[in-house]
Amino acid sequence: MKSEPRPGRFGPGLLVAAAFIGPGTVTTASVAGAGFGYALLWALVFSVIATIVLQEMAARAGLVTRQGLARSLRESLAGHWLAMPAVGLVVAAVGLGNAAYQGGNLIGAALGLQGLSDWDRRWWVLLVAAIAGLLLSSGRYRLIEKFLVAMVLTMSVVFLATFVMLSPDYFELLRAALTPSLPPGAALTVLALVGTTVVPYNLFLHASAVQEKWGSELATRPALRAARQDTGFSVVVGGLVTLAVMGTAAAAFHGSDVEVSAASMAAQLEPLLGPAARYCFAAGLFAAGLSSAITAPLAAAYAVCGALGWENDLASWRFRAVWLLVLACGVVFALWGSSPVAAILFAQAANGLLLPVCAFFLLWVMNRSPLLGEYRNGWLSNLAGGAVLLVTLGLGMVKILGVMGLI
């Protein structure tokens, strides 16, 4: 008889939240608040709901099938003409997308270190990449990751406290959250907000992480219930942190001519921390960047190896080759980018464009009865997932048409 899952302090949901509360979130939310005030808050609310919907599906797939999401996709399409195109899209979307995302992670961590020293940012990028590479090579990154998550959560508490101290107009917050609008020039920022919250690689990471938290010796239904509670709580907390960053930036910068940079973002913390704001922000940004710089290549390796039918083993040379390639591409992207904030924002927007691809594949897997049996998607899950897919497709089309000069 399978046992019930024992209560845990935190599960994989917190890792998902910690992954998207990275330098991209801090930068993107600051840009959104500084440029558009509270006008884009609805996009954050949508992103949080979409994250909960999609991550619940990913966790359910992992717990029921006891295999990675990419491998489930591969098996569900076995013998179908879509198999090879799907595998190619997963490898390209997650692999290339994570390379761009990794560049933003490295830049964010480097900006944090640069806040403590005038050393050239490029050297900090190389140092952060070397640390991430050593941690991934050792396979013993979990203890260090817990420490980094604690640092990120500390920064989160500071942002939330700062936001409350600013005494925001809560009625205006509620109105903006429930009234979608797209001010001129906001399409890229909206895509970035979605891309920094609903991170495509988190779907693959979550499906694998839940299997480690809740092993096969546990009953499936109680494990699913625990995973849903963990996911909902963690993602909502992450959304509140992003709200705090956006709201603080709106109060500090909206309507002014101050350019959003690492220095000006650190100034957001001065009402609470005074001169120490620079150092606290630098430590938090470094922790967020390094934490994400570890999880992004790891998730890419899980996704690519699963899609190609390779072994998902940290010691496997193929697994190592994938994360090393993603890390190397991230370094090139980080060194090539001329504007740190622009590079981070572009990485988040790229994730927003890739999200519909991953959401489509996830919905495909979740409707396969031979794979999931009674745990396949019901009409409500399909309705919610389909709505997320349509909205992200629409946002992507708006951006593409804007680039083409058609709107």
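Residues numbered from 1 in each chain as written. Predicted model: local features only at pLDDT ≥ 70, side-chain atom pairs only at ≥ 80, totals over all residues. Heavy atoms only, no water.

Novice: In this structure, what is going on with the overall build of the protein? I would like to understand it.
Specialist: Counting its secondary structure elements, the protein contains 18 helices and 0 strands. The burial tally for the protein puts 57% of its 407 residues in the buried class. Excluding contacts between residues fewer than 6 apart, the proportion of contacts in the protein whose partners are at least 24 apart in sequence is 84%. In the form shown here, the protein has an accessible surface area of approximately 17,000 Å², with 68% of it arising from carbon and sulfur atoms. (Helix = DSSP H or I, 4+ residues; strand = E, 2+ residues; numbered from the N terminus. Buried < 20%, exposed > 50% of the residue type's maximum accessible area, 1.4 Å probe, protein only. Contact = heavy atoms within 4.5 Å. Areas by Shrake-Rupley, 256 points an atom, 1.4 Å probe, with all protein chains shown as cover.)

Novice: Please clarify how the pattern of salt bridges should be interpreted in this entry.
Specialist: Oppositely charged side chains may form a pair once their charged atoms are brought near each other. Considering all chains together, one arrives at 5 salt bridges under this definition. Of the charged contacts, one joins Glu56 and Arg228 as a salt bridge, the two residues approaching to 2.8 Å between their closest N and O atoms. With Glu56 in helix 3 (residues 41-65) and Arg228 in helix 11 (residues 220-253), the pair connects residues that are 172 residues apart, well separated along the chain. For Glu56, a relative accessible area of 17% translates into the label buried. On the basis of relative accessible area, Arg228 is assigned to the partly exposed category, the value being 43%. Of the charged contacts, one joins Glu172 and Arg175 as a salt bridge, the two residues approaching to 2.7 Å between their closest N and O atoms. In this pair, Glu172 and Arg175 are both assigned in helix 8 (residues 170-178), 3 residues apart and thus about one turn of the helix distant. The exposure class of Arg175 is partly exposed, given its relative accessible area of 40%. Through salt bridges that share partners, Glu56, Arg60 and Arg228 make up one connected network. (Salt bridge = Lys/Arg side-chain N within 4 Å of Asp/Glu carboxyl O.)

Novice: Mind showing me how you'd approach unusual backbone geometry here?
Specialist: A negative phi angle is the norm for most residues apart from glycine, just as the trans form is the norm for most peptide bonds. A positive phi is found at Arg66, a non-glycine position, where the angle reads about 60°. Mapped onto the elements, Arg66 comes out in the loop between helix 3 and helix 4 (69-76).

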